[in-house]
Structure formats: structure tokens, C-alpha cells
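Next come the chains, spelled out residue by residue.
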Amino acid sequence: MMRLIRRKVAVVVVLAYVFFSLYAAYSVFFSRRVISRVHRVVKKGSADNSKAAEEEWNPWEEDERADSITVLQKRREAYRSYQERIAKSRPKRYKVQILGKAAIGLYLWEHILEGPLNPTDKTGQWREGEIQSGKINFSFYTGPAVVQGHVPLDTDSVVLVLNGREQQKISYSIQWLQHVQALVQAHTISRVAVVLLGSEQCTNDWISPYLKRQGGFVDLLFLVYDSPWVNDKDVFQWPLGVATYRHFPVVTPNTQMVSSARPYISNFLGTVYKNSSRETLMAILKQNGLEKECLTNAREKWLPQETADTSRQYQMALAQSDLTLCPVGVNTECYRIYEACAYGSVPVVEDVLTPGACADGRSSPLRLLKDAGAPFIFLKDWKELPAILEKERVMSQAEKTERRMRLLEWYTGFRQQMKDKFTEVLEEAFFKLS
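The paragraphs below set out a description of the structure included in this document. Remember, predicted model here, so these are calculated numbers, not experimental data.

### Concerning the overall build of the protein
Counting its regular elements, the protein contains eleven helices and 14 strands. Counting across all 434 residues of the protein, residues that qualify as buried make up 42%. Restricting to contacts in the protein with at least 6 residues of sequence separation, those with at least 24 account for 70%. Approximately 25,300 Å² of the protein is accessible, and the part contributed by carbon and sulfur atoms is 54%.

In C-alpha cells:
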């Protein structure tokens, strides 16, 4: 009985399976298709047996598409407005090109503006660099290969660095001024400044016709030494700086330079001219038995170039001395003052005006340094030196360290002050920014 029931159930299952299979086959192959309201069939070329294609259709499609385009346009307009606001808020930059045709150009670029130079080889025929200061992007070109007519000008604002110390240098400088004047007349250049290593006697009349106030084209003049021309309007005093023509480096102070005890109280390495105060200085050192405490190396003839050995000896003397003696030469201002500052060796400066046409004012000589609060030791006569050195002997190392730190900080601040002044003067005179 149980077996019969199972057989009947199996037959029913098989018949049900066959029935549903036949129904499914009929639905697929013989029933009509029902087209949904949200779909449409597009038939093309039924007469020529072309294939039918179906497209999805949305009754709100056109409205949605219009809304999307509107939203996209609004986003684009908002982004464009944002970009314009950013552009307006971004400070405008101005270009100034510096042509360094005198060694003091390297002091301006590397020591004052702290700009890079490529290639780094100091003997390179063509060296260039770029730096940003204030609202100005400076570019700098220097080297023997920087010649008239071969310098790419990408701005109409130029600073020309020249040497006017002697007649041969003046003749070369005039050639450059005439070249730049031709560019001004051709409307290639419209703004010109000159940084000039002037005469040590402050006789610079040869450049006067080129100044704008004399009918020329030079808007600004930055002039080395205490010239009576300096008015802080179109003529500004500029520091002599270090002897870059002798490859004096950019010195980075370190802890040892600041705090270590130095073996010498003072130093003087230089040329001793006949009948000069330098002879007096050497005599005083010898008479008072100070030669052992003062590192000296005197020579009778000035040498324009240093060897690697003499350069190293000189820099070592600065680094190993608490004081650097700075007797006057042709002018009171000398490279030695700035080089001593770089190594934290306090300059002992002979504060007397040298012969010539330099200004004899309240702060002269060295008015630029004095007005900046230079922490030097000034004396009028080298007979005062023994008393100064006696004070040095009783000064503690802590006091010397503090004084050395103060000097290094001052020199860093002085260079920053000159950088800011140079930039601000150009911004105001060239681009009317104040």
C-alpha cells in the first residue's frame, strides 16, 4: 500500500514538471510581447530586414538634463569667481634684472640679497641666479661672458653694478651706460638704477650727466663712500662690503665661532704705506711689546690678488682674534671692517676723515655704519690702542662671548636692513609702490 502511494506521488511530480516546462516554452516562443509604458521599441527598416533597437525612455529626461546643465554652469561660474578672487588677493610681482659688472655686485647679490648663483664655480664665465624680495623678483647675471648685447632682457627695469674707482674702470663703465642708454632710447628699457663703487676721494663727476636729475636716464644711484651727493631721494649711500674680488666667502656663524676663546687679542694683516698711520700703528705695537698678543703680517706693497694660502691665513687671523685693527687707507671705509664683522672680530676703527671730497658731516666718516648703530671701537689716534688692549686683557670670556654675539647679530641685521632698503627704494621709484 505504501509503495502504491509513493508511485502516485512520483507520477504527479513528473506530470507537474512536464506541464510547467511546456508552458514556459509556449510563453517564450508563441506569446505576444507586452510593451511597458516606460519602454518603447524603435524599429528601423523592417522591409529591408534591418535590426530593431530599443531605447530607454524617461518622461522627465529633458527636465533633468536641463537641471544638470544649469547646476554645471553655476559650478563653473562659482569656480571662475573663486579663481578671480584668488588672483586679486595674490600680491603682484615685478621683475628687476641686475647686471653685475663690478665685484661689489657679488656683495649685493650673495651677502645682501642672499641670492644663489649657478654655476657655483667662482671662475665661471657666466653665472646667474634668481631671488624674490618684497614684491620684486630679482634676476642676476655676472661674469666675463656677460657682455653688451648678449644679455637676455625679460624686463624693462634694470640695475647696473659698476666700478668707478679708477680711469680704466670708468671708461668700461661708460661703455655700459651708453649701451643701456641706447636701450632706453629704443624703449626696450624704461627704468634704470646704478650701484657704483665710487671714487675713494668721492669724485664721481663723470657719472653726473647720466643721472635723471641732470637730464640723463638713471633714476637711482646707490653710491659707496660718504659722498656729499647722498640725499636719500635719488642718491643713496651703499656699503663697500667684503672683498669679493678676492673671493671672500659668505660666512655662516656657528657655536664655536661665538663662544670659543680666541688665542689673539687683535690682528692686523695688510699693506703698510709710507708716511701713513699704519706705520704709526706698527710702531706702537712694537714699542709696547704687543706684537705677541697681536697677530700681524705687514707688507710694503699692496697685492690685488690673494693666493689660496694668504686668503686662508687672513680668514684664520680674523677667526682667532677678538679685535681687528682697521687703520685708514685711501678712505676710512675698508673691506677689513666688514670681513671682521663676518667672523665676529670687533673692528677697531681709526675714525678720521681722509683727504678728498667726501662729506664732512656729523656722522662722517662711516656715517652709514654709524647711523646703523655699528658696535665698533672707534679711536682718533693709535696712541689710544694700548689702553684698549689693556681692557681686553681683564675682560672675561663670558663678556667677550656676549660682545661677539652682539656684533654678529648686528651685522646680520645690517645686511637685512640694506636688503629691505634696496628693495623698498626700487619698489617706490620704479613701480610707485609706497
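### Side note on the state of the cysteines
Tallying each qualifying case throughout the model produces one disulfide. In this model, C202 is linked to C358 through a disulfide, with the two sulfur atoms separated by 2.0 Å. Of note, the bridge from C202 to C358 carries an S-S torsion of about 85 degrees and is right-handed in sense. Taken together, the residues C202 in the loop between strand 7 (191–197) and strand 8 (220–224) and C358 in the loop between strand 13 (346–350) and helix 9 (367–371) connect sequence positions 156 residues apart. Overall, the relative accessible area of 7% leaves C202 in the buried class. Cysteine C334 remains unbridged, with the sulfur of C326 as its closest cysteine sulfur at 4.9 Å.

### Some points on helix 7 (residues 308–319)
For helix 7, built from twelve residues, the straight-helix expectation of 16 Å at 1.5 Å per residue is met to within 8% by its first-to-last C-alpha distance of 17 Å. Within the span of helix 7, buried status applies to S311, Y314, Q315, A317 and L318. Considered in projection along helix 7, the buried side chains sweep an arc of 155 degrees and stay on one side of the axis. Those residues of helix 7 that are buried are in contact with strand 10 (264–271), strand 11 (294–299), strand 12 (321–326) and helix 8 (335–342).

### Side note on the nonpolar core
By size, the foremost hydrophobic cluster in this structure holds 84 residues, and its most contacted members are I98, F222, W410, F422 and L426. Sort the elements by how many residues they give to this core and helix 11 (residues 397–431) lands first, with eleven residues. When neighbours within four sequence positions are excluded, L426 is seen to be in contact with V96, I136, F138, V159, A193, L220, F222 and F431. Counting 25 residues, the second-largest nonpolar core is a separate cluster that includes Y141, V158, L196 and L221.

### Observations regarding the packing of aromatic side chains
By the definition in use, this model includes 17 aromatic pairs. For the ring pair W126 and Y141, a centre distance of 5.6 Å and an interplane angle of 65 degrees mean the geometry is edge-to-face. Here the residue W126 occupies a position in the loop between helix 3 (104–112) and strand 4 (127–133), and Y141 occupies one in strand 5 (residues 136–142), the gap between them amounting to 15 residues. Note on W126: relative accessible area 24%, which makes it partly exposed.

### Considering the packing of helix 8 against helix 11
Any two packed helices are characterised by the angle at which their axes cross and by the distance between the axes. At a minimum axis separation of 8 Å, helix 8 and helix 11 run at an interaxial angle of 120 degrees. Between helix 8 and helix 11, the residues in contact are Y338, C341 and A342 and L407, L408, W410, Y411 and F414, respectively.

### Focus on the pattern of salt bridges
Within this structure, the stated rule accounts for 14 salt bridges. Notably, a salt bridge pairs K421 with D232, separated by 3.7 Å at the nearest N-O pair. Here K421, found in helix 11, pairs with D232, found in the loop between strand 8 and strand 9 (235–238); they are 189 residues apart in sequence, far enough to count as distant. Classification of K421 by relative accessible area gives partly exposed; the value is 27%. Residue classification places D232 among the partly exposed positions, given a relative accessible area of 47%. Within this structure, E293, E390 and R393 form a network of salt bridges that share partners.

### Describing helix 3
One full turn of an α-helix is made of 3.6 residues, so residues set three or four places apart face in the same direction. Counting buried positions over the nine residues of helix 3 gives nine, a clear majority of the element. Along helix 3, the positions that sit buried rather than exposed are I104, G105, L106, Y107, L108, W109, E110, H111 and I112. The positive-phi residue at the C-terminal boundary of helix 3 is E114, with phi of around 60 degrees.

### Describing the environment of A103
The topology assignment puts A103 in the loop between strand 3 (94–100) and helix 3. Sequence separation between A103 and Y245 is 142 residues; the distance between their C-alpha atoms is 5.3 Å. Residues in contact with A103, not counting those within four places in the same chain, are T244 and Y245.

### Things to note about the pairing of strand 9
Here strand 9 shows a buried face lined by V235 and Q237 and a second buried face lined by F236 and W238. Relative to strand 9, strand 8 is paired through four bridges, and the arrangement is parallel. Note on strand 9: the bridge partner recorded for L223 is Q237.

### Observations regarding the sheet that holds strand 11
As summarised here, the arrangement of the five strands in space is 11-10-12-13-14, forming an open sheet in which the pairing is parallel. What marks the edges here is a single partner per strand, and that holds for strand 11 and strand 14 (377–379). On average, adjacent strands in this sheet sit at an angle of 20 degrees to one another, irrespective of strand direction. Bridge analysis of strand 10 against strand 12 gives three bridges, and the strand direction is parallel. Bridging across to strand 12, N267 finds its partner in T324. Where helix 7 meets the sheet, its contacts fall on strand 10, strand 11 and strand 12, and the angle it forms with strand 10 comes to roughly 150 degrees. Running at roughly 170 degrees to strand 12, helix 10 (residues 385–394) makes contact with strand 10, strand 12 and strand 14 of the sheet.

Rules behind the numbers
- Residues numbered from 1 in each chain as written.
- Predicted model: local features only at pLDDT ≥ 70, side-chain atom pairs only at ≥ 80, totals over all residues.
- Heavy atoms only, no water.
- Helix = DSSP H or I, 4+ residues; strand = E, 2+ residues; numbered from the N terminus.
- Buried < 20%, exposed > 50% of the residue type's maximum accessible area, 1.4 Å probe, protein only.
- Contact = heavy atoms within 4.5 Å.
- Areas by Shrake-Rupley, 256 points an atom, 1.4 Å probe, with all protein chains shown as cover.
- Disulfide = S-S within 2.5 Å.
- Expected span 1.5 Å × (residues − 1).
- Arc of directions from axis to C-beta.
- Core = buried A, V, L, I, M, F, W, Y, C linked by side-chain atoms within 4.5 Å.
- Phe/Tyr/Trp six-rings, centres within 6.5 Å; stacked < 30°, edge-to-face > 60°.
- Axes fitted to C-alpha atoms, helices over the stretch in contact; angles between N-to-C directions.
- Salt bridge = Lys/Arg side-chain N within 4 Å of Asp/Glu carboxyl O.
- Pairing = 2+ DSSP bridges.

Any functional reading would require information beyond the geometric quantities listed.
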